[in-house]
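Structural description and commentary
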Amino acid sequence: RERAAPFIDRTRLAEVGGKGASLGELSRVNGVRVPDGFCVSTAAFGESVGRAPGLDAALDRLSRLDAEDRDGVRALSAEIRETIARTRLPEDVADAITRALVALGEAEAYAVRSSATAEDLPNASFAGQQDTYLNVRGSEAILAHVVRCWASLYSERAVTYRVQQGFDHRKVRMAVVVQRLIVPQAAGVLFTADPVTSNRRVALVEACFGLGEALVSGHADADRYKVRDGQLVAKTIATKKLATRASHGGGTTERAIDPAQQNQRALTDAQVATLERLGRRIEQHFGAPQDIEWCLFEDNFYIVQSRPITTLYPIPDAGVGGRR
């Protein structure tokens, strides 16, 4: 199955977080492939982390800290992460996760991805502030990485941003998305509006070889394609020296790309046009320009995330006699 459970959609954000809700919605869009997976709910997070000794007192102290107190934020967020990391999963939560893995294929490789309730919102950009782990294998490893995702809710960066944005730490909850890992020949991001010029009719595709993690983290150069109405209007082909690959024993590693391949295009014109069509479909579904993460496997595109682009200039109001 390539579709998430049909009951997960944007109305369930409080239960599955921003990423989980977005993936559930994506699975409902005709023609969009989403890797198989399941969500570990915020209720499981609350049941498990709520038992952590000393957490309430630490959160009280955290609520009194100023965002400018970087040393205090760093020390206290590290203390909270360590407290959560020592959390033992309740038996019913561990059993439910294990059963879901058995149903999907326990021997498969998975991506274990944080999905906070204050994430991928139209008016705030929490992207990248919590952890994602790729190529996790085996139920014990996946259970451990679920806890790591929970702990990442209190990374120094995430805590500082919540303080700056006025988000109550106690009201932000963490779900975890567990998805089959697609091991692609190419991956990247698609912006359905140009993030630099804010032109909503031009889509921008960035593509690299291997997993998209190197591109998202800024460790690899990527091809850039601009496309409008199915026509490529500009392209820059990068010298792609590194690719992130899945390691045999789990996790990922950066590997050198063969010099003969470094200047080859990651995508053909036809593939770029296909991505734009998918992006327009997704944009129409969500009702706003989107920042989309994709991967290409056996000439099929899989969508692994979509979030609003929060940096676009607003469209001005028309006013009397005005034009948009």
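Sequence order sets the numbering: in each chain, residues are counted from 1 along the sequence as written. Only residues with pLDDT of 70 or above have their local features reported here, since the model is predicted, and side-chain atom pairs are shown and tallied only from 80 upward, although totals for entire chains, interfaces and linings are computed over all residues. Heavy atoms throughout the structure, all of them, feed into the side-chain values; hydrogens and water do not.

1. Some points on the confidence of the model for the protein
The predicted structure's coordinates, where accompanied by low pLDDT, should not be read in detail. Predictor confidence is given residue by residue as pLDDT, running from a minimum of 0 to a maximum of 100. Chain-level pLDDT for the protein is 88 on average; 90% of the residues reach the 70-or-more range. Considering only residues more than four positions removed or in separate chains, one finds that residues 1–6, a stretch of pLDDT under 50, has 17 contacts. The contact criterion used is simple: two residues touch if any of their non-hydrogen atoms lie within 4.5 Å. This stretch, residues 120–124, has a pLDDT under 50; its non-local contacts, to residues over four places away or in other chains, come to 14 contacts.

2. What about the pattern of salt bridges?
By convention in these notes, a salt bridge is any Lys or Arg side-chain nitrogen within 4 Å of a carboxyl oxygen on Asp or Glu. Throughout the structure, instances matching the rule amount to 20 salt bridges. One salt bridge connects E206 with R224, and the closest N-O pair in it is separated by 2.4 Å. Within this pair, whereas E206 is found in strand β6 (residues 203–209), its partner R224 is found in strand β7 (residues 223–228), the two being separated by 18 residues in sequence. Since its relative accessible area comes to 15%, E206 is described here as buried. A 1.4 Å probe rolled over the protein chains alone gives each residue an accessible area, and that area as a share of the maximum for its type sets the label: buried under 20%, exposed over 50%, partly exposed in between. Overall, the relative accessible area of 34% leaves R224 in the partly exposed class. Its salt-bridge partner being D223, residue K240 comes within 2.8 Å of it at the nearest N-O pair. One end of the pair, K240, is in the loop between β8 (231–236) and β9 (242–246); the other, D223, is in strand β7, with 17 residues separating them in the sequence. Its relative accessible area of 1% is what places K240 among the buried residues. One salt-bridge network, in which partners are shared between bridges, spans R113, D291, E293 and R307. For helices the rule is a DSSP run of H or I covering at least 4 residues; for strands it is a run of E covering at least 2, with both sets numbered from the N terminus onward.

3. Quick look at the state of the cysteines
Each disulfide is one covalent bond, formed between the sulfur atoms of two cysteines. Cysteine sulfur atoms that come within 2.5 Å of each other are treated as a disulfide pair. One pass over the structure, following the stated rule, counts zero disulfides. Here C39 stays free of any disulfide, with the sulfur of C149 as its closest cysteine sulfur at 12 Å. On the basis of relative accessible area, C149 is assigned to the buried category, the value being 0%.

4. Structural notes on the packing of aromatic side chains
For Phe, Tyr and Trp, where Trp contributes only its six-membered ring, two rings pair if their centres lie within 6.5 Å, and the inter-plane angle classes them as stacked under 30 degrees, edge-to-face over 60, or tilted in between. In this structure the tally under the stated criterion is two aromatic pairs. On the numbers, 5.9 Å between centres and 75° between planes, the contact of F45 with W150 is edge-to-face. Taken together, the residues F45 in helix α2 (residues 42–49) and W150 in helix α6 (residues 139–151) connect sequence positions 105 residues apart. The same class applies to F45 as to W150, namely buried. Between W294 and F301, the aromatic rings sit 5.5 Å apart at their centres with planes inclined by 80°, giving edge-to-face as the arrangement. F301 shares its class with W294; the two are buried. Ring-over charges, as used throughout, are those where CZ of Arg or NZ of Lys falls within 6 Å of the ring centre and within 35 degrees of the ring normal. Over the face of the ring belonging to Y133 we find R148, whose NZ or CZ atom lies 6.0 Å from the ring centre. Here the guanidinium or amino end of R162 rests over the ring plane of Y154, the centre of that ring lying 5.4 Å away.

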